[in-house]
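If you want the building blocks of each chain, they are given just below.
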Amino acid sequence: MATRQVALAIDIGGTKMRGALITESGDVLARDDIPTQAAKGEPAAMKRLAALLRRMNAEVPDAEPVGIGMAIAGTVDPETGLFYNPPNLPAWHDTTPSLDLGELLGLPAWVHNDASLAVLGEYVYGIGAGTKSLVMVTLGTGVGGGLVFDGHLYGGHRGYAGEIGHLVVDSAGPQCACGGRGCLEMMASGTAMARIARERLAAGEPSLVTKLVRGDLDKVSSEVLVKAEGQGDPLAGDVLRGAADYMGVGVATLRSVLDPEIIVVGGGVSRNLHIFFPRLVASAKAHAMNVDKELCPVVPTVLGDDAGLLGAAALAWQKLRG
Ligand SMILES: [Zn+2]
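Residues numbered from 1 in each chain as written. Predicted model: local features only at pLDDT ≥ 70, side-chain atom pairs only at ≥ 80, totals over all residues. Heavy atoms only, no water.

**Describing the pairing of strand 4 (residues 63–72)**
Within a regular strand, the side chains alternate between the two sheet faces.
Piece 1. Summarising burial for strand 4: eight of the ten residues are buried, a large majority.
Piece 2. Alignment of strand 1 (residues 4–12) against strand 4, held across nine bridges, turns out to be parallel. Bridging across to strand 4, Ile 12 finds its partner in Ile 72.
Piece 3. Here strand 4 pairs with strand 7 (residues 109–113) via five bridges, running parallel. Paired with Ala 71 across the bridge in strand 7 is His 112. (Buried < 20%, exposed > 50% of the residue type's maximum accessible area, 1.4 Å probe, protein only. Helix = DSSP H or I, 4+ residues; strand = E, 2+ residues; numbered from the N terminus. Pairing = 2+ DSSP bridges.)

Below you can see the structure in the form of structure tokens.
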């Protein structure tokens, strides 16, 4: 029987472990997921994951696994595979999940953190396919992102490159946990939007948001603000537009410094905001150098939740093809 080579792509989060059989051209031949059950420890999880992958492979008998790519939520050393101080998987500190899974399945394995691999996934199989360089900004609870140049994730001198959330966009802004002030994450993340709205509501500004959260300001979130804006609430609209404006400032800076072929914006918050994107692009244009105003497209992601999984496949294929 003719076989099709596949990478075993894994995406491990605090609650769910996802697996897929993915060809070099990005076709997903099988996919499934199981609960992480993180507290039971890393060895038990890798055993269950290996069993899941064997089962999936049995369902696609002509698929021949040739390597493993793993995306994982937390800080991991891509060279040694060592996983350390993961906030969502505390019991897994100082383990090597990718190597352990590779040993169980008898395959070479590579690992990187999930945020970076989501960027690589968009670059290889998503909106960035066919481009040479890409910068991605991820807007969710926080602000993150990553950089790909000439096919490879750029990690920087010490592996800390791509901390897009800590670009300073307002030097008089609020203190950030990183030690800086007015970072993009403090001005435009989902958390920041909720904080800014809460401050204005607490100061007595009238808004539909108060009714939507039944007076409990702790329940104010970017989702609630999107809902209120959809019903014409001026305060909610104002907060969302303000965040989009700051995102645009960040994007303009990235463009000036890095000159990528394409800038991609993704993440849970950006997905839901119909008013967010055009406003962000307009702000990026307004803050750009003249030479940049029309050059580099700013576009939304296309892979959504699959970006990490496809990025894990892309990593495996890059390593296998050397
Ligand atoms: Zn910061």
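Let us keep going from here.
**Some points on the nonpolar core**
Piece 1. Counting 43 residues, the largest nonpolar core has Ile 164, Met 193, Val 209, Leu 225, Met 247, Phe 276 and Leu 280 as its most contacted members.
Piece 2. Secondary structure elements with two or more residues in this core: strand 8 (133–139), strand 9 (143–149), helix 4 (184–188), helix 5 (190–202), helix 7 (222–230), helix 8 (234–258), strand 11 (262–266) and helix 10 (276–287).
Piece 3. Tallying contributions element by element places helix 8 first for this core, with ten residues.
Piece 4. By size, the runner-up hydrophobic cluster in this structure holds 30 residues, among which are Ala 45, Leu 53, Phe 83 and Ala 109. (Core = buried A, V, L, I, M, F, W, Y, C linked by side-chain atoms within 4.5 Å.)

**Digging into the coordination of the zinc ion**
Piece 1. Distances from the zinc ion to its protein donors, His 166 (ND1), Cys 176 (SG), Cys 178 (SG) and Cys 183 (SG), fall within 2.0 to 2.4 Å.
Piece 2. Of note is the zinc ion, whose four donor atoms meet at the metal with angles of 106 to 119 degrees in an arrangement that counts as tetrahedral. (Donors = N, O, S within 2.8 Å, 3.2 Å for Na, K, Ca; no water. Tetrahedral: all angles 85-135°; square planar, octahedral: opposite > 155°, others 65-115°.)

**Description of the side chain of Asp 62**
Piece 1. One can find Asp 62 in the loop between helix 1 (42–59) and strand 4.
Piece 2. The exposure class of Asp 62 is buried, given its relative accessible area of 17%.

**Side note on helix 2 (residues 97–105)**
Piece 1. When we look at burial in helix 2, the residues that qualify are Pro 97, Ser 98, Leu 101, Gly 102 and Leu 105. One face of helix 2 carries all of its buried residues, which in axial projection span an arc of 130 degrees.
Piece 2. For helix 2, the secondary structure elements touched by its buried residues are strand 1, helix 1, strand 4, strand 6 (83–84) and strand 7.
Piece 3. One or two positions beyond helix 2, positive phi appears at Gly 106, with a value near 65 degrees. (Arc of directions from axis to C-beta. Contact = heavy atoms within 4.5 Å.)

**Some points on the domain arrangement of the protein**
Piece 1. Domain assignment breaks the protein into domain 1 (4–121 + 305–321) and domain 2 (130–301).
Piece 2. Taking only C-alpha atoms into account, the centre of domain 1 sits 29 Å from that of domain 2.
Piece 3. Contacts between domain 1 and domain 2 engage eight residues on the former and ten residues on the latter.
Piece 4. Counting each side, the surface lost to burial between domain 1 and domain 2 is near 600 Å², with a carbon and sulfur contribution of 68%.
Piece 5. On the domain 1 side of the contact with domain 2, Val 119, Leu 120 and Gln 318 bury the most area, a combined 66% of that side's loss.
Piece 6. At the junction of domain 1 with domain 2, the criterion picks out zero salt bridges.
Piece 7. By residue number, the principal contributor to the side of domain 1 that touches domain 2 is helix 3 (residues 114–125), which donates five residues.
Piece 8. Across the side of domain 1 that touches domain 2, the residue classes tally to four nonpolar, three polar and one charged. (Domains from an automatic or database assignment. Buried area = accessible area lost by both parts, 1.4 Å probe. Salt bridge = Lys/Arg side-chain N within 4 Å of Asp/Glu carboxyl O. Nonpolar A, V, L, I, M, F, W, Y, C, P; charged D, E, K, R; others polar.)

**Quick look at the pairing of strand 3 (residues 28–35)**
Piece 1. Pairing analysis gives seven bridges linking strand 2 (residues 16–22) to strand 3, with the strands arranged antiparallel. Residue Met 17 lies in a different strand from strand 3, and its bridge partner there is Ile 34.
Piece 2. Remark: five residues form the turn of the hairpin made by strand 2 and strand 3, two consecutive strands paired antiparallel; Gly 26 in that turn has positive phi of roughly 95 degrees.

**Examining the environment of Asn 57**
Piece 1. Mapped onto the elements of the fold, Asn 57 is located in helix 1.
Piece 2. Along the backbone, Asn 57 and Leu 21 are 36 residues apart, and their C-alpha atoms lie at a distance of 7.7 Å.
Piece 3. Apart from the residues lying within four places of it in its own chain, the contact partners of Asn 57 are Leu 21, Ala 63 and Pro 65.

**Looking at the pattern of salt bridges**
Piece 1. The tally for this structure, following the rule as stated, stands at ten salt bridges.
Piece 2. Glu 24 is paired through a salt bridge with Arg 321; the nearest N and O atoms lie 2.9 Å apart. Of the two residues, Glu 24 sits in the loop between strand 2 and strand 3 while Arg 321 sits in helix 11 (residues 307–321), which places them 297 residues apart along the sequence.
Piece 3. We classify Glu 24 as partly exposed; its relative accessible area is 37%.

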